[in-house]
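Examining the three-dimensional arrangement
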Amino acid sequence: MPHPTKETIVKKRDFLGFQPLDAGKIIELFDFSAFIKAKRLDRTAASKYKPIEGKTVAMIFNKPSLRTRVSFELGIHELGGYAVNLDGKSIGVNSREAVEDIAQLLSRYNDAIVARLHEHSVIEDLAANATIPVINALTDLSHPCQILADAFTLYEKGLWKEGVKVVFVGDGNNVANSWIELAGILPFHFVLACPQNEEYMPDTTLLEEARRNSGSTIEIVHDPMEAAKDADVLYTDVWTSMGQEDEVAERLKAFSSYQINSAMLRQSKPSAVVMHCMPAHRGQEISAEVMDGPQSIIMDEAENRLHVQKALLVKLLNHEEYRKFHLTHRLEHVAKNLKH
């Protein structure tokens, strides 16, 4: 692979969070995700659709993973590319190897980097020093790929609308931060119900920026049952994330009234859906009855990680293919309207 030129660097696109996107670009990505998902159902068509054929993607994983690893690796394979799996501890990110050296070296070997890390500053350094696209597959600050899949799931089910009320019940963690960041771009009603403790609050900078930039209503409340009233979506995550294992007892106590269960679900709209980014601890942040119940779309959102991330990979690695789809999509839409 030739060393990237200055022209290549200028065209480089990263996905570290929602900041570079506007509402229109997000909806475009959702439409392309629906196209990717539909194509996969047609095995014959899917086998011929290889928009990133010959591309290699380095995947750096400093944290354990099931959905993220499988959805990215499988997605890269289905699109015609090849995934190179790298254990972050083995390559020694920021210990054995400097981040800038890793970024520059992988840029000469590969076409993109997917990284699942602890410190958000490390992925920012990777992107700053790489000449190829870098995708944030999770940091302690944010989890944008997850929230893309979540919002797409609501979009494809016809549940996404300007006034949709999404209630996140639990810790103001990286997943909550990404919901808040999305609310800074797409207008909707987001409520975070968390304990009144600074440790469980979302990132202040992201919150202030989202409130400053958006037409969304963004609330932080501390009564989960009050927050759940008239909710369209009840959403939760584990109370104890990776790296917080020594806080289990303290967190179980702090979040004891924050479980999504039948009583809380009755507070929401009758049509409300339940979401969870997984892994889930049934009986803690969510009851088994609700997680496995008819209003749960948890497995749908988990599946959609694959389709949304495939769409994202095409957008970053073959933008001409991505652009061609949207030009065709718009022309079909115009033609359909003319007929009516």
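Structure: see above.
Residues numbered from 1 in each chain as written. Predicted model: local features only at pLDDT ≥ 70, side-chain atom pairs only at ≥ 80, totals over all residues. Heavy atoms only, no water.

A few words on the packing of helix α2 (residues 23-41) against helix α8 (residues 144-156). Relative orientation and spacing of two packed helices are given, respectively, by the angle between their axes and the distance between those axes. Look at α2 against α8: their axes get within 10 Å of each other, and the N-to-C directions meet at 75°. On the basis of their axis angle, the class for α2 and α8 is roughly perpendicular. Counting all contacts with α2, which are made through Ile27, Leu29, Phe30, Asp31, Ser33, Ala34 and Lys37, the residues of α8 involved are Leu148, Ala151, Phe152, Tyr155 and Glu156. Of the residues that constitute the contact of α2 with α8, the class distribution is eight nonpolar, one polar and three charged. (Axes fitted to C-alpha atoms, helices over the stretch in contact; angles between N-to-C directions. Helix = DSSP H or I, 4+ residues; strand = E, 2+ residues; numbered from the N terminus. Parallel < 35°, antiparallel > 145°, perpendicular 65-115°, else oblique. Contact = heavy atoms within 4.5 Å. Nonpolar A, V, L, I, M, F, W, Y, C, P; charged D, E, K, R; others polar.)

A cluster of nonpolar side chains, namely Leu66, Val70 and Leu74, defines an oily patch on the protein surface of about 250 Å² accessible area. For Val70, the position within the fold is in helix α4 (residues 67-78). (Patch = residues over 30% accessible without salt bridge, like charges linked within 9 Å, V, L, I, M, F, W, Y side chains within 5 Å. Areas by Shrake-Rupley, 256 points an atom, 1.4 Å probe, with all protein chains shown as cover. Salt bridge = Lys/Arg side-chain N within 4 Å of Asp/Glu carboxyl O.)

Below, the discussion takes up the packing of aromatic side chains. Note on aromatic pairs: each is described by the distance of the centres and the angle between the planes. Under the definition given, this model contains 17 aromatic pairs. Relative to Phe18, the ring of Phe15 has its centre 6.0 Å away and its plane inclined at 80°; by these criteria the two rings are edge-to-face. For Phe15, a relative accessible area of 3% translates into the label buried. Taking the relative accessible area as the measure of exposure, Phe18 reaches 0% and is therefore buried. Seen in terms of ring centroids, Phe32 and Tyr322 are 5.0 Å apart; in terms of plane orientation they differ by 80°. Their pairing is edge-to-face. With Phe32 in helix α2 and Tyr322 in helix α16 (residues 319-339), the pair connects residues that are 290 residues apart, well separated along the chain. The same class applies to Phe32 as to Tyr322, namely buried. The cationic tip of Lys39 hangs over the ring face of Tyr49; the distance from NZ or CZ to the ring centre is 5.0 Å. For Arg69, the ring lying beneath its charged end belongs to Phe61, and the centroid distance is 4.3 Å. (Phe/Tyr/Trp six-rings, centres within 6.5 Å; stacked < 30°, edge-to-face > 60°. Buried < 20%, exposed > 50% of the residue type's maximum accessible area, 1.4 Å probe, protein only. Lys NZ or Arg CZ within 6 Å of the ring centre and 35° of its normal.)

This brings us to helix α6 (residues 99-109). Along α6, the residues that are buried comprise Val99, Ile102, Ala103, Leu106 and Ser107. Angular distribution of buried residues about the axis of α6 spans 130°; they occupy a single face of the element. Lining the buried residues of α6 we find β1 (56-61), β2 (82-87), α5 (88-91), β3 (112-116) and α7 (120-129). (Arc of directions from axis to C-beta.)

Backbone hydrogen bonds are what pair the strands of a sheet, in a parallel or an antiparallel way. As summarised here, the arrangement of the five strands in space is β7-β6-β5-β8-β9, forming an open sheet in which the pairing is parallel. With one partner strand each, in any of the chains shown, β7 (217-221) and β9 (273-276) form the two edges of the open sheet. On average, adjacent strands in this sheet sit at an angle of 20° to one another, irrespective of strand direction. Pairing analysis gives five bridges linking strand β6 (residues 189-193) to β7, with the strands arranged parallel. If you follow Val191 over to β7, its bridge partner there is Glu219. Strands β8 (233-236) and β9 of the sheet are contacted by helix α15 (residues 298-317), whose axis makes an angle of about 50° with β9. (Pairing = 2+ DSSP bridges.)

A few words now on a negative patch on the surface. A cluster of acidic residues, Glu100, Asp101, Glu124 and Asp125, forms a negative patch at the surface. For the negative patch, the elements supplying multiple residues, two or more each, are α6 and α7. Relative to the helices and strands, Asp125 resides in helix α7. (Lys, Arg positive; Asp, Glu negative; His and termini not counted. Charge placed at Lys NZ, Arg CZ, Asp CG, Glu CD.)

Under the definition given, this model contains 16 salt bridges. Across the pair Arg40 and Glu78 runs a salt bridge, and its minimum N-O distance is 2.8 Å. With a gap of 38 residues between them, Arg40 in helix α2 and Glu78 in helix α4 connect regions that are remote in the sequence. A relative accessible area of 14% means that Glu78 is categorised as buried. Ionic pairing is found between Glu78 and Lys310, a salt bridge with its closest N-O pair at 2.7 Å. One end of the pair, Glu78, is in helix α4; the other, Lys310, is in helix α15, and 232 residues separate them in sequence. As far as the burial class goes, Glu78 and Lys310 line up, both buried.

All right, on to α7 then. Along α7, the residues that are buried comprise His120, Val122, Ile123, Leu126 and Ala127. Taken end-on, α7 shows its buried residues confined to a sector of 160°, consistent with a single buried face. Buried residues along α7 sit in contact with β1, α6, β3 and β4 (134-136).

This next bit is on unusual backbone geometry. Of the consecutive residues Met278 and Pro279, the connecting peptide bond is found in the cis state with omega at 5°. Mapped onto the elements of the fold, Pro279 is located in the loop between β9 and α14 (288-291). Backbone geometry places Asn94, a non-glycine residue, at a positive phi of 70°. Following the sequence through the fold, Asn94 ends up in the loop between α5 and α6. Residue class for Asn94 comes out exposed when judged on its relative accessible area of 52%. Phi at Met278 is positive, roughly 65°, even though this residue is not glycine. Tracing the backbone through its elements, the reader meets Met278 in the loop between β9 and α14.

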